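# Residue-level structural notes
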Amino acid sequence: MPDLVTRAREGDARAVARLISLVEDGSPLLREVMTALAPHAGHAHVVGITGSPGVGKSTSTNALVTELRRAGRRVGVLAVDPSSPFSGGALLGDRVRMQDHALDPGVYIRSMASRGHLGGLAWTTPQALRVLDAAGCDVILIETVGVGQSEVEIAGLADTTLVLLAPGMGDGIQAAKAGILEIGDLYVVNKADRDGADQVRRDLRSMLALAERREGAWRPPIVATIAAQSQGLDQVVAEVDRHFSWLTESGELARRRTRRARDEIEAIALTALRAQWGDVHGHSELDALAEAVASGESDPYTAADVLLFSVRDD
């Protein structure tokens, strides 16, 4: 394991792949891996890229990698694909659009299946992120599953969150709704050569004008791009860098990363508790408690308390 970690820190793609596989498989060696990586993480700028299906997330990610590599930065990409609720499998097709960088040693691309985890990410994304961070990536791009209005988990994981939109994806009322359109540090109107792009920008400006912000707070910019033609991506990178500078100078970067670590610790602890608790569906008292609730003899809160104490005693 120490040799594997050393090779990953030197940029060995095979070692990085092996470590992320240990993360995804929930290996017993995972604690040892995270202990070894912890002193070397915390340097990369984590950029989340999210938006509805069809707005061009993968194409935009590919174009962003090109711009970042032009600036000489090492880039890691975590592309999360949805898992089938029926077979459990995933196509892992996001990286198909990133073949331009397949042979670039300064780019590491990894597709991850969501494995039923909601929020647009995979459950293991935070640990995979730490692997790429410790492996020396300057910027890590996290491309979420095509998400809906309430799937905003990426905002808690990224330093900078890019929300992609495109013409034809909704009207002004859609833009004013709470949820995904409130988490952006930067809004990117992709496919800006299509009819309706100017209206999308106007709707966004109106939505952002409604938000209350304290003095000195970050005001999210709006950038128009045509990712398929690599137009406007230089401005996106400039705004991402400007946001990172603001995060550092304002102290918000430290606050966000502390909040991220807290959420990760909580998730790991709750998972461990569930594992210790066991499969409640197989517990002998559950059926009887369910029948009592269904018949009105008990309520679900009382039944849950009974089950909790029963399992604890076991």
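Residues numbered from 1 in each chain as written. Predicted model: local features only at pLDDT ≥ 70, side-chain atom pairs only at ≥ 80, totals over all residues. Heavy atoms only, no water.

With that settled, the discussion passes to the packing of aromatic side chains. This structure, assessed with the given rule, holds one aromatic pair. A ring pair is formed by Trp218 and Trp246, whose centres lie 5.9 Å apart and whose planes are at 45°; its orientation type is tilted. Within this pair, whereas Trp218 is found in the loop between helix 8 (197-210) and strand 7 (222-224), its partner Trp246 is found in helix 9 (residues 233-250), the two being separated by 28 residues in sequence. Residues Trp218 and Trp246 agree in their burial class; the two are buried. (Phe/Tyr/Trp six-rings, centres within 6.5 Å; stacked < 30°, edge-to-face > 60°. Helix = DSSP H or I, 4+ residues; strand = E, 2+ residues; numbered from the N terminus. Buried < 20%, exposed > 50% of the residue type's maximum accessible area, 1.4 Å probe, protein only.)

Moving on to empty space enclosed by the protein. Taken as a whole and judged by the stated rule, the model has one cavity of 30 Å³ or more. Roughly 60 Å³ of volume is contained in the largest cavity. His45, Val47, Leu64, Leu68, Arg73, Val139, Leu141, Val237 and Val240 together form the lining of the largest cavity. At the level of secondary structure, the elements contributing two or more residues to the lining of the largest cavity comprise strand 1 (45-51), helix 4 (57-70), strand 4 (139-143) and helix 9. When the residues that make up the lining of the largest cavity are grouped by side-chain class, the tally is seven nonpolar, one polar and one charged. (1 Å grid on protein atoms, 1.4 Å probe; cavity = no way out; pocket = protein on both sides within 12 Å on 5 of 7 lines; lining within 4 Å. Points joined across faces, edges and corners; volume = space filled by probe spheres on them. Nonpolar A, V, L, I, M, F, W, Y, C, P; charged D, E, K, R; others polar.)

Let us look at unusual backbone geometry. In this model, Lys191 sits at a positive phi of 55°, which is unusual for a non-glycine residue. Unlike most non-glycine residues, Ser230 shows phi in positive territory, near 60°. For Ser230, the position within the fold is in the loop between strand 7 and helix 9.

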